[in-house]
Amino acid sequence: MEAFGEAGRPGSLFAIGGAEDKVRERLILRAFVEACGGTDAHVVVLATASELAETGERYADLFYKLNADSVEVMRIATREDAIDAGQDVLDLLEYATGLFMTGGNQLRITSALGGTRIAQAIHRRHRAGMVVAGTSAGAAVISEHMISMGDSGGTPRRRLVQMAKGLGLASNMVIDQHFRRRDRLGRLLTALSYNPGPLGVGIDEDTAAIFEGDGTLRVLGSGAVTVIDAAGMRFTDSHMASRDQPLAMLGLKLDFLTAGCRYDLKRRAGIPPSGAEAGSFETVAEPVESLP
C-alpha cells in the first residue's frame with residue numbers, strides 16, 4: 001500500500017466548533033470522510049483530549065456508518081503513552097488519509113504529544129496530504145497560538161485568557177470554538193490584544209472552518225465563523241490595563257462568515273458565496289450535544 005498524498009499539497013484542515021450534528025444529516029462529518037477519500041477513507045481517531053474511554057469508539061462507529069473503508073483509534077491517554085509509542089502506532093498515521101481529534105481538554109493533547117514522534121508524524125503526514133480534523137478541543141490545538149483556557153464574555157479584559165502553543169498545523173492563527181454558544185468573543189479579542197499578528201477565528205457549534213491547501217477558508221454547517229484581523233489595530237491599552245479591566249482595541253477588522261462564504265487567508269479578505277454556493281448548503285435547526 002502506498003502512503004496517501006505523498007506528492008500532493010497539504011491536506012485540508014477541518015476546525016469544528018463542537019456539537020456537530022451526529023444523528024441527522026451529519027453534514028460536517030460526512031464532508032470530512034469524503035475529503036479523506038469517501039469509501040476509500042482510512043481514518044485515525046485521536047481521543048486524547050477526552051477523559052471518557054468510549055469517545056474514540058463512538059466516533060469510529062460514526063465514520064464506519066458514513067462508509068469509511070477503515071477506522072482505527074489511536075490509544076494515547078498520557079505523555080508516557082506517546083513517548084513509548086512503537087512503530088505500530090506510527091504506522092496508523094503513515095497510511096491514514098484522515099486524522100480526527102475529539103473534544104475534551106486541549107491541554108491533554110498538547111501536553112501529551114508536544115515534541116514527540118507522533119506530533120512530528122502528524123505534521124509530516126499533513127504536509128503530504130493527510131486531512132486533519134478536530135472538534136472543540138481538537139479544533140483549538142490545530143492553531144499555532146492556542147487558547148488553553150479562559151472566561152466567557154463579549155468584552156476583552158486583561159487576563160481573560162491564557163495562551164499556550166498548539167500543534168501549529170494552522171500557522172499564525174488563533175482558533176476558538178463553541179464561539180457564540182459560550183460567549184467567547186471577549187477572550188479571542190483579548191488574545192489578539194496581546195499580539196495582533198495572528199488571525200483570530202471563532203467557530204460556532206455545528207460549524208466547520210475548513211482550511212484548504214490553496215490558502216482559503218470555507219464555512220460549512222448551521223452556524224458562523226467570526227474572523228478577526230487585528231494586524232491593522234491602531235491602539236490597545238492591554239499592556240497597561242489592570243486585572244479584569246476592559247480593554248480598548250481600535251482599528252479591528254471583522255468578517256462574519258456563514259455557509260458558502262470563503263476567506264482568502266493571504267489577502268485577509270472575505271469572499272461572498274456565489275448564487276450556486278448560497279443555495280447548496282442545508283442548515284440544521286438544532287445542533288446536538290458534543291461528545292466530551
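Note that this is a predicted model, so its numbers are computed, not measured.

(A) View of the overall build of the protein chain. In terms of helices and strands, the protein chain carries nine helices and 17 strands. The globule rule puts the C-alpha radius of gyration for 292 residues at 19 Å, and the 18 Å found for the protein chain is close to it. The C-alpha extent of the protein chain, read off along each of the three principal axes, is 55 × 50 × 35 Å. With 292 residues in all, the protein chain has 54% of them scored as buried. Excluding contacts between residues fewer than 6 apart, the proportion of contacts in the protein chain whose partners are at least 24 apart in sequence is 76%. With the model as given, the accessible surface of the protein chain reaches about 12,600 Å², and the carbon-plus-sulfur share is 48%.

(B) The packing of aromatic side chains, seen in detail. Per the counting criterion, the structure on display carries six aromatic pairs. Aromatic pair Phe14 and Phe32: ring centres 5.9 Å apart, planes at 80 degrees, arrangement edge-to-face. Within this pair, whereas Phe14 is found in strand E1 (residues 13–16), its partner Phe32 is found in helix H1 (residues 27–35), the two being separated by 18 residues in sequence. Owing to a relative accessible area of 1%, Phe14 belongs among the buried residues under this scheme. One aromatic cluster in this structure is built from Phe14, Phe32, Tyr59, Phe63 and Phe100.

(C) Quick look at the confidence of the model for the protein chain. Overall, the predicted model of the protein chain reaches an average pLDDT of 93, with 91% of residues at or above 70. Considering only residues more than four positions removed or in separate chains, one finds that residues 1–7, a stretch of pLDDT under 50, has 16 contacts.

(D) Quick look at the nonpolar core. Residues Ile76, Leu99, Leu113, Ile118 and Ile175 are the most contacted members of the largest nonpolar core, which totals 46 residues. Top element by residues in this core is helix H6 (residues 117–127). It accounts for four residues. Not counting residues within four places of it along the chain, the set of residues in contact with Ile118 comprises Met74, Ile76, Ala82, Ala85, Val89, Leu90, Leu93 and Leu113. Val45, Tyr59, Ala208 and Leu220 belong to the second largest nonpolar core, which has 25 residues in total.

(E) Broad picture of the pattern of salt bridges. Within this structure, the stated rule accounts for 11 salt bridges. Of the charged contacts, one joins Asp204 and Arg180 as a salt bridge, the two residues approaching to 3.7 Å between their closest N and O atoms. With Asp204 in the loop between strand E9 (199–203) and strand E10 (207–211) and Arg180 in the loop between strand E8 (173–176) and helix H8 (185–194), this pair connects stretches of sequence that are 24 residues apart. Among the residues examined, Arg180 registers a relative accessible area of 63% and is labelled exposed. Look at the salt bridges and you will find they share partners, linking Asp176, Arg184 and Arg187 into a network.

(F) Up close: the pairing of strand E5 (residues 131–135). The element E5 is largely enclosed, with a buried count of five among its five residues. Of the pairings in the sheet, the one linking E1 to E5 comprises four bridges and is parallel in character. When the bridges of E5 are listed, Ala15 appears paired with Gly134. Here four bridges tie strand E4 (residues 98–101) to E5, and the two strands are oriented parallel to one another. Bridge pairing links Phe100 to Ala133 in E5.

(G) Region of interest: H6. Those residues of H6 not exposed but buried are Ile118, Ala119, Ala121, Ile122, Arg125 and His126. Seen end-on, H6 carries its buried residues on one side only, within an arc spanning 160 degrees. Of the residues trailing H6, Gly129 is marked for its positive phi of about 125 degrees.

(H) Focus on the sheet that holds E9. A sheet is described by the order of its strands in space; here four strands give the open sequence E8-E9-E12-E15, paired in mixed fashion. Looking at which strands have only one partner, the edges of the open sheet turn out to be E8 and strand E15 (253–258). Direction aside, neighbouring strands of the sheet carry axes that sit 15 degrees apart on average.

(I) Expanded view of the environment of Leu52. Tracing the sequence through the fold places Leu52 in the loop between strand E2 (42–46) and helix H2 (55–65). Separated by 52 residues in the primary sequence, Leu52 and Gly104 place their C-alpha atoms 8.9 Å from one another.

(J) Inspection of the pairing of E4 at higher detail. Side chains of E4 alternate between two faces, with Gly98 and Phe100 and Leu99 and Met101 buried alike. Here E2 runs beside E4; their pairing, made up of four bridges, is parallel. Across the sheet, residue Val45 finds its bridge partner in E4, namely Phe100.

About the cut-offs
- Residues numbered from 1 in each chain as written.
- Predicted model: local features only at pLDDT ≥ 70, side-chain atom pairs only at ≥ 80, totals over all residues.
- Heavy atoms only, no water.
- Helix = DSSP H or I, 4+ residues; strand = E, 2+ residues; numbered from the N terminus.
- Rg over C-alpha atoms; globule rule 2.2 N^0.38 Å.
- Buried < 20%, exposed > 50% of the residue type's maximum accessible area, 1.4 Å probe, protein only.
- Contact = heavy atoms within 4.5 Å.
- Areas by Shrake-Rupley, 256 points an atom, 1.4 Å probe, with all protein chains shown as cover.
- Phe/Tyr/Trp six-rings, centres within 6.5 Å; stacked < 30°, edge-to-face > 60°.
- pLDDT = per-residue confidence, 0-100.
- Core = buried A, V, L, I, M, F, W, Y, C linked by side-chain atoms within 4.5 Å.
- Salt bridge = Lys/Arg side-chain N within 4 Å of Asp/Glu carboxyl O.
- Pairing = 2+ DSSP bridges.
- Arc of directions from axis to C-beta.
- Axes fitted to C-alpha atoms, helices over the stretch in contact; angles between N-to-C directions.

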